[in-house]
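# Survey of secondary and tertiary structure
Next come the chains, spelled out residue by residue.
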Amino acid sequence: MKKALVIGATGQIGRVAVRALAEDGWAVLAASRGAGRDERWPEDVRSVRLDREDDAALAEALGDGVDLVVDMVAFTAAHARQYAGLADRIGSAVVLSSGAVYADGRGRSFDTQDEPDGFPEYPVPIPEGQPTVEPGDATYGTRKIKIERELLALGEKLPVTLLRAGAIHGPHCRTPRELYFVKRNLDGRRTRVLAHGGLSRFHPVSVHNIAELVRLAATRPGSRVLNAGDPEAPTVAEMGEAIDAVMEVAGETVTVTVPGEAPAANVGVTPWTAPHPVVYDMSAAERELGYRAVTTYTDSLAETVAWLAERLGDRDWREAFPKMAQNYDPAVDLFDYAAEDKWLERQSS
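So, a few notes on the structure that sits alongside this text. (Residues numbered from 1 in each chain as written. Predicted model: local features only at pLDDT ≥ 70, side-chain atom pairs only at ≥ 80, totals over all residues. Heavy atoms only, no water.)

## Quick notes on helix α6 (residues 207-219)
Compared with the 18 Å implied by 1.5 Å per residue over 13 residues, the 19 Å span of α6 between its first and last C-alpha is a close match. Across the 13 residues of α6, 11 count as buried, placing the element largely inside the fold. The set of residues buried in α6 consists of V207, H208, N209, I210, A211, E212, L213, V214, L216, A217 and A218. For α6, the N-terminal capping position is held by S206, with its side-chain oxygen 3.0 Å away from the main-chain nitrogen of H208. (Helix = DSSP H or I, 4+ residues; strand = E, 2+ residues; numbered from the N terminus. Expected span 1.5 Å × (residues − 1). Buried < 20%, exposed > 50% of the residue type's maximum accessible area, 1.4 Å probe, protein only. Polar contact = N/O pair within 3.5 Å; in protein donor to acceptor, adjacent residues only side chain to side chain.)

Here is the structure:
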């Protein structure tokens, strides 16, 4: 039986990847900071406590060697150097990266999106050969491309598949974009305002589809970069309607058709809002791995919505999801219903 070490096993994606590998016949060692377990893992999955920054602890987890390492929490060049030093104990690796590494023809990327005219205008869809940001330590995107290049430089010493993920969705997310619609429905809020005509598209990817890419890459080792996305990239308006359907409510979408950003402070902006579409080309994964998505955005929503509703409960959303709250300027309130009502009243007068 082939052995796999999954780092970040109790995170949003790791939970599903561990299960997918175990059900595919791998002997899985699930490593996380708390050495916890997911209730849906097969009993023969072993768990171990691992501090990702501790080189000696990582070497101990690898033991005499494993056939596969799946890494959900590789963020720095130091992590790439860990792999370089331990390559002789690893058959191949699958490492999570991000579409944040892509730059458009003018050098704009997610790093520049808050600047005037700074949001990137990518081709539709974005191929893996699209230019990227320069490697460095300044931002999430520059750090990700830095570790990508260092891992790919290992070449035959260690085959690494890098998965450039879109907007990840599923249970156990610390920054769940779907909360924007779920909380409104739970609050009895039936009207939502969407900027850019509700047509913003930011390619989502289910944790189940990422796990399938991991499973396939594990059986076909190679040094490569692949996009990770769902089979469709719905508009933000379509996402809201899909969540309404799961929650069995009838919401109303009011779209802002005038070009530009939000019509007023805290009005019309969602976690997917963008003036230009972000859609990833999945043909390389289909060609190289035989990838076929195991779910769609709509079909996977029920478990996400149920988990969000339970996690939120009666708490303030900032308390339930502190990491998500940290990602926004304190002046930005995703649920400023008073500002929305004031804007809606002006439109009807």
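## Digging into the sheet that holds strand β6 (residues 160-165)
The strands that make up a sheet pair up through hydrogen bonds in the backbone, lying either parallel or antiparallel. Pairing within the open sheet is parallel, and its 7 strands lie in the order β3-β2-β1-β4-β5-β6-β10. Because the sheet does not close on itself, it has two edges, and the strands there are β3 (46-49) and β10 (224-228). The average angle at which neighbouring strand axes cross in this sheet is 20°, direction not considered. Pairing of strand β1 (residues 3-7) with strand β2 (residues 27-32), which is carried by 5 bridges, proceeds in the parallel orientation. Bridged to I7 within β2 is A31. Against the sheet, helix α2 (residues 55-62) touches β1, β2, β4 (66-71) and β5 (90-98), its axis set at about 150° to β1. Of the strands in this sheet, β4, β5, β6 and β10 touch α6, which is tilted by about 165° from β6. (Pairing = 2+ DSSP bridges. Axes fitted to C-alpha atoms, helices over the stretch in contact; angles between N-to-C directions. Contact = heavy atoms within 4.5 Å.)

## Some points on the environment of V70
Positionally, V70 belongs in strand β4. With 56 residues separating them along the chain, V70 and G14 place their C-alpha atoms 8.5 Å apart. Among all residues touching V70, those that are not within four sequence positions of it are L5, V6, I7, L21, V94 and V214.

## What to know about the packing of helix α5 (residues 179-186) against helix α9 (residues 301-312)
Packed helices, taken two at a time, are described by their axes: the angle between them and the distance between them. Their axes nearest at 10 Å, the elements α5 and α9 cross at an angle of 65°. Handedness of the crossing formed by α5 with α9: right-handed. In this structure, α5 contributes L179, V182, K183 and L186 to the contact, and α9 contributes V305, L308, A309 and L312. When grouped by side-chain class, the residues that make up the contact of α5 with α9 number 7 nonpolar, no polar and 1 charged. (Left-handed = near helix turned anticlockwise from the far one by under 90°. Nonpolar A, V, L, I, M, F, W, Y, C, P; charged D, E, K, R; others polar.)

## Re the nonpolar core
Counting residues in each nonpolar core, the largest one holds 39 residues, and the members touching the most others are L21, L163 and I210. In this view, I210 contacts I13, L96, L163, A165, I168 and V205; residues no more than four positions away in its chain are not counted. (Core = buried A, V, L, I, M, F, W, Y, C linked by side-chain atoms within 4.5 Å.)

## Section: unusual backbone geometry
Here the bond from V124 into P125 is cis, since omega is -5°, no more than 30 degrees from zero. Mapped onto the elements of the fold, P125 is located in the loop between β5 and α4 (140-152). In this structure, D117 takes a positive phi of about 55° despite not being glycine. Phi at H196 takes a positive value of approximately 55°, unusual for a residue other than glycine. In this structure, H196 sits in the loop between β8 (191-194) and β9 (204-206). With relative accessibility at 17%, the residue H196 sits in the buried group.

## Some details on the pattern of salt bridges
By the definition in use, this model includes 19 salt bridges. Of the charged contacts, one joins R215 and E212 as a salt bridge, the two residues approaching to 2.9 Å between their closest N and O atoms. Pair noted here: R215 and E212 are both in helix α6, with a separation of 3 residues, about one helical turn. Through salt bridges that share partners, R15, D38, R40 and E303 make up one connected network. (Salt bridge = Lys/Arg side-chain N within 4 Å of Asp/Glu carboxyl O.)

## Structural notes on the side chain of Q82
Here Q82 lies in helix α3 (residues 77-86). Take Q82: its relative accessible area is 7%, and that puts it in the buried class. Setting aside residues no more than four positions away along its own chain, Q82 makes contact with R52, E53, D54, D55 and L58.

## Let's talk about α4
Counting along an α-helix, one turn takes 3.6 residues, and residues three or four places apart therefore face a common direction. The end-to-end C-alpha separation of α4 is 18 Å, in line with the 18 Å expected for 13 residues at 1.5 Å each. Looking at the packing, one finds that the buried side of α4 touches α3, β5, β6 and β10.

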